[in-house]
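Okay, here's what each chain looks like letter by letter:
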Amino acid sequence: MGEKEDERLLHVLEKYAHIPINQQHKESVAATLRAFVPVSEQNPKTIFKQLFKQAMMEIWQYQKAILCILFLFLFGLYFIIPDSLDYKLLFLVTTPLPLVLMGWRMLEDYDEEMVELLLTYKFTFQQLLCAKIVAVCSIAFINYTFLAIYLIFSLQEDLLQSIFRLLITGITPILTWGLVLLIFQIYYRKQSVWGVLVLAWVFFALLVMYTPVGEWLLGIHISFYVLFNCILLILLWNLLVRTWKMERIVYD
Amino acid sequence: MISRLVLLEWKKLIVQKEIYIVLAICTFMLIIAQKAFYLSEDEAPYRFSKTMIDFIPNVGYLFILFPIIVMVARILSVEYELKMLELTATYKYGRKILISVKLLALFSCCVVVISFFFLLIGILSYLNYGFDYLDLDFVAVNSTYIYLDGQWVVWQVLLMEYLVLLFSIFTFAACLFLVARFVHRSVFIMFIGGGAFLLVELLDKYVMSFIGQMKISEYVNIVVDFSINSLLNFEALRLFSFSQLLVGLMVVTILLILANILVKDSFIND
């Protein structure tokens, strides 16, 4: 368009009077828009990554002593136990130990005194919980990986299949404990329950190590463990997603 | 009055979810253990009777002890956690009656739990092996864990097991109850009870294999022989006869009940 057309357009626009804007009308329009336009939120993946990193840092900050002692204790134990069958049984009962120890701490952290403080935080308690559960399970998997590598190199038998079966079986306690921790954090968050579960695991470990129960468990076909692990993973995932999407708790 | 109080104590216990969680876990572990300890026809002629007699001293006592530890941990600490402890001191008949009632409720819990697990083992054994006659001669069953002199039949041995187990478990529960009078947190009580038991198990099953030739093993043996573990797995029948054991347990039980009644709590005066 040429200069002449621009001038003509400007002349037409200046001819019309400015519409006076009512301040109250502006505010009501803005309120209406806010009610209907979706609030922009960060991507859940971004939030989760941030909370996961935060949870890992928190675990390292407050529980590094426990974790280091646990790792040293586990490796010391593996050096003392001479028999290879006992290695396998020990592997079964020691993979979820980080969860067992840190689950306790998680139950202690979020009590009634924290509720008001948590309401001021920009993320919900449920989101924090999901990130912490995943963080604790990740640490258990790191522990599992180190122990698995040690087992692979220390077992003298040429039994790739049996090591593979052991690795699949070793995942089951971690997923079970992760799911149990999440369920009890949501539905019945009492320390005494954690005491019961810890004792149950210790009794179970005794049963597995010193009776034929351990061999019987290792003798179950691997497909059962694969199926069971898949079911546990699906249940854990569903519960995590449901918990993540829960509304912020209203506190009066 | 006493019966109403006992009923109230029962109600306080049975509303706690921890009891059901522990019973469910123990039932599940017992079913797995029964599968693992399955006897083939060649191993024993009377498999039902052998399982009924041998399962409890073998591993069955673990599934009975664990719920009792949890019940002891919850029976007293629930008042501390609900901040009712000081209020119980105002009871018009005195705290001694309350403690006696709690011990009575605990004893009845032991009866119920032991009966439940005996029944469960019986049902599982029946499903696995069918039924044997309970008036079989005990020698014919060829038990691995029970040592008895004289003529016994299967149902008498089962009754003996039941009574010894009941008083052993209650003795342990009464000791733990005494500890719970001072340690009010249920988790610590569970860990103390479980820890005391597990320490002896580890000494017996693991440490002894390292120190077997050393002089210290004699002292460790004494600790193991006179611990609750040897009562629960009936190893004590190697040292004492059944009647000596039962009378001894009853005497110890009465002494522990008296100790519990007479000991004063640290925060209140009767």
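Since this is a predicted model, take the numbers as computed values, not measurements.

A. Quick look at the overall build of chain B. The number of helices and strands found in chain B is eleven helices and zero strands. Beginning at the N terminus, the succession of helices and strands in chain B can be written as α-α-α-α-α-α-α-α-α-α-α. Taking 2.2 N^0.38 as the reference for a compact globule, 270 residues should give roughly 18 Å; the C-alpha atoms of chain B span a radius of gyration of 20 Å, in line with that estimate. Reported as C-alpha extents along the three principal axes, the dimensions of chain B are approximately 65 × 45 × 30 Å. Here chain B, with 270 residues, has 52% of them falling under the buried criterion. With an accessible surface of roughly 12900 Å², chain B has 68% of that area assigned to carbon and sulfur atoms. Between the centroid of the 19 positive side chains of chain B and the centroid of its 21 negative side chains there is a distance of 15 Å.

B. The arrangement of the overall build of chain A in detail. Regarding its fold elements, chain A presents eleven helices and zero strands. When the helices and strands of chain A are read in sequence order from the N terminus, they spell out α-α-α-α-α-α-α-α-α-α-α. A total of 252 residues make up chain A; the buried ones form 42% of that total. Roughly 15600 Å² of accessible area belongs to chain A as shown, and the carbon and sulfur atoms make up 66% of that amount.

C. Spatial organisation of the interface of chain A and chain B. Listed by partner, the interface residues are 25 residues for chain A and 32 residues for chain B. Buried area between chain A and chain B, summed over both chains or domains, comes out near 2600 Å², and the portion from carbon and sulfur atoms is 84%. Where chain A meets chain B, there are zero salt bridges. A total of 15 residues in the side of chain A that touches chain B trace back to one element, the largest contributor, which is helix α9 (residues 191-210) of chain A. For the side of chain A that touches chain B, a count of residues per class yields 20 nonpolar, four polar and one charged.

D. How the structure looks around the nonpolar core. Grouped together as the largest cluster of nonpolar side chains are 157 residues, with contacts concentrated most on Phe63(B), Met160(B) and Phe197(B). Grouped together as the second largest cluster of nonpolar side chains are five residues, Val200(B), Met208(B), Ile211(B) and Val224(B) included.

E. Here's a closer look at a nonpolar patch on the surface. All names here are of chain B. Among the surface-exposed residues, Leu119, Ile123, Tyr126, Leu127, Phe131, Leu134, Trp155 and Leu159 lie close enough to one another that they form a single nonpolar patch of about 850 Å² accessible area. Within the residue set of the nonpolar patch, elements represented by two or more residues are α5 (95-129) and α7 (154-180). Of all the elements, α5 adds the most residues to the nonpolar patch, at four residues. Summarising the element assignment, Tyr126 is placed in helix α5. When its relative accessible area of 48% is taken as the criterion, Tyr126 is described as partly exposed.

F. Local environment of the packing of aromatic side chains. Counted according to the given criterion, the structure contains 23 aromatic pairs over all chains. Residues Phe48(A) and Phe52(A) carry aromatic rings whose centres are separated by 6.0 Å and whose planes lie at 25° to one another, so their mutual orientation is stacked. Here Phe52(A) and Phe48(A) lie together in helix α3 (residues 44-80), a separation of four residues that amounts to about one turn. With relative accessibility at 27%, the residue Phe48(A) sits in the partly exposed group. Here the aromatic rings of Phe37(B) and Phe55(B) are separated by 6.2 Å at their centres, their planes lie at 85°, and the arrangement is edge-to-face. With a gap of 18 residues between them, Phe37(B) in the loop between α2 (17-36) and α3 (47-81) and Phe55(B) in helix α3 connect regions that are remote in the sequence. Comparing Phe37(B) with Phe55(B), the two get one shared label, buried. In this structure an aromatic cluster arises from ring pairing among Trp177(A), Trp194(A), Trp201(A) and Phe204(A).

G. Spotlight on the packing of α3(B) against α7(B). Residues and elements named next belong to chain B. Packing of α3 against α7 leaves a shortest axis separation of 10 Å and a crossing angle of 25°. Taken as axis vectors, α3 and α7 run roughly parallel relative to one another. Handedness of the crossing formed by α3 with α7: right-handed. Packed against α3, whose contacting residues are Ser49, Met52, Ile53, Ile56, Pro57, Ile64, Leu65, Ile68, Ile69, Val72, Ile75 and Leu76, the element α7 presents Val154, Val157, Leu158, Glu161, Leu165, Ile169, Phe172, Ala173, Leu176, Phe177 and Ala180 at the interface. Class assignment for the residues of the contact of α3 with α7 results in 21 nonpolar, one polar and one charged.

H. How the structure looks around the pattern of salt bridges. Residues and elements named next belong to chain B. Evaluated as defined, the whole model comprises eight salt bridges over all chains. For Lys12, the salt bridge identified is with Glu79, shortest N-O distance 2.4 Å. Taken together, the residues Lys12 in helix α1 (residues 2-14) and Glu79 in helix α3 connect sequence positions 67 residues apart. One salt-bridge network, in which partners are shared between bridges, spans Glu9, Lys12, Glu79 and Lys102.

I. Local environment of the packing of helix α8 (residues 186-211) of chain B against helix α9 (residues 216-225) of chain B. All names here are of chain B. Two elements in contact, α8 and α9, have axes whose closest approach is 10 Å; the angle formed by their N-to-C orientations is 160°. Relative to α9, the element α8 lies roughly antiparallel. In this structure, α8 crosses over α9, and the sense of that crossing is left-handed. Together, Val200, Leu203, Asp204, Met208 and Ile211 of α8 and Ile216, Ser217, Val220, Asn221 and Val224 of α9 make up the contact between the two elements. Across the contact of α8 with α9, the residue classes tally to seven nonpolar, two polar and one charged.

What counts, and at which threshold
Residue indices begin from 1 for each chain and proceed along its sequence in written order. For this description, chains carry letters from A and ligands carry numbers from 1, given in the order in which they are written. Selection of residues for local features in this predicted model requires a pLDDT of at least 70, selection of side-chain atom pairs for listing and counting requires 80 or more, and totals for whole chains, interfaces and linings are taken over all residues. With hydrogens and water set aside, each side-chain value is computed from the structure's full complement of heavy atoms. Helix and strand assignments follow DSSP, with helices taken as H or I runs no shorter than four residues and strands as E runs no shorter than two, numbered in order from the N terminus. Only C-alpha atoms enter the radius of gyration; for comparison, a globular chain is expected to reach 2.2 Å times N to the power 0.38, where N is the number of residues. Burial here depends on accessible area, computed with a 1.4 Å probe over protein chains only, as a share of the maximum for the residue type. Under 20% is buried, over 50% is exposed, and the range in between is partly exposed. We get accessible surface area from the Shrake-Rupley algorithm with a probe of 1.4 Å; when it comes to residues, only the shown protein chains can shield them. Neither His nor the chain termini are counted; the positive set is Lys and Arg, and the negative set is Asp and Glu. A charge is said to be at NZ when it belongs to Lys, at CZ for Arg, at CG for Asp and at CD for Glu. Contacts are assigned to residue pairs that have any heavy atoms within 4.5 Å of one another. Once two parts are joined, some of their accessible surface, as seen by a 1.4 Å probe, is lost; buried area is that loss totalled over both. A side-chain nitrogen of Lys or Arg and a carboxyl oxygen of Asp or Glu constitute a salt bridge if their distance falls within 4 Å. Basically, the charged four are Asp, Glu, Lys and Arg, the nonpolar ten are Ala, Val, Leu, Ile, Met, Phe, Trp, Tyr, Cys and Pro, and anything else, Gly included, counts as polar. For the purposes of this section, nonpolar cores are sets of buried Ala, Val, Leu, Ile, Met, Phe, Trp, Tyr and Cys residues that join through side-chain atoms within 4.5 Å. Two joining distances apply to patches: 9 Å for like charges and 5 Å for nonpolar side chains (Val, Leu, Ile, Met, Phe, Trp, Tyr), and every residue must have over 30% relative accessible area and no salt bridge. Each aromatic pair joins two rings of Phe, Tyr and Trp (for Trp, the six-membered one) with centres within 6.5 Å, and gets the label stacked for planes under 30 degrees apart, edge-to-face for over 60, and tilted for any other angle. Axis definition: a line fitted to C-alpha atoms, limited for helices to the stretch in contact. Angles are taken between N-to-C directions and run from 0 to 180 degrees. If an angle is under 35 degrees, it is roughly parallel; if it is over 145, roughly antiparallel; if it lies from 65 to 115, roughly perpendicular; otherwise it is oblique. Left-handed describes a crossing whose near helix is turned anticlockwise from the far helix by less than a right angle; the clockwise case is right-handed.

Taken by themselves, the reported measurements are silent on function.
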